Amino acid sequence: MKDNDIVKKYRILAIIGIVLMGIASFMSCLATSKMYINIGTILLCISIVLSIIGFSRWQP
């Protein structure tokens, strides 16, 4: 696998993490049901992990 392909994979992973973070933060802040608040919190934790992994290799 080329080095450029690896960077592209991590860039996409970082962007997915940022988009998921935005969706999850709205979900956890604006939800009225406790279940949706918990789902938003779990998605926030997942998005933080994805962003850390993505930005560890791809640094804009």
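Quick notes on the rules
- Residues numbered from 1 in each chain as written.
- Predicted model: local features only at pLDDT ≥ 70, side-chain atom pairs only at ≥ 80, totals over all residues.
- Heavy atoms only, no water.
- Helix = DSSP H or I, 4+ residues; strand = E, 2+ residues; numbered from the N terminus.
- Rg over C-alpha atoms; globule rule 2.2 N^0.38 Å.
- Buried < 20%, exposed > 50% of the residue type's maximum accessible area, 1.4 Å probe, protein only.
- Areas by Shrake-Rupley, 256 points an atom, 1.4 Å probe, with all protein chains shown as cover.
- Expected span 1.5 Å × (residues − 1).
- Contact = heavy atoms within 4.5 Å.
- Disulfide = S-S within 2.5 Å.

Looking now at the overall build of the chain. When helices and strands are tallied, the chain shows 2 helices and 0 strands. For the chain, whose C-alpha radius of gyration is 14 Å, the value lies well above the compact-globule estimate of 10 Å for 60 residues. Seen through its principal axes, the chain has C-alpha atoms that stretch 45 × 15 × 15 Å. Of all 60 residues assigned to the chain, the portion counted as buried reaches 17%. Carbon and sulfur atoms provide 70% of the accessible area of the chain, an area that totals close to 4500 Å².

With 28 residues, helix 1 (residues 3-30) ought to run about 40 Å at 1.5 Å a step, and its terminal C-alpha atoms sit 41 Å apart, in line with that. Those residues of helix 1 that sit buried are Y10, A14, G17, A24 and S28. Buried residues along helix 1 sit in contact with helix 2 (34-57).

Applying the stated criterion across every chain, the model contains 0 disulfides. C29 takes part in no disulfide bond, and the closest cysteine sulfur to it belongs to C45, at a distance of 13 Å. With relative accessibility at 48%, the residue C45 sits in the partly exposed group.

Read these as spatial facts, not as claims about activity.
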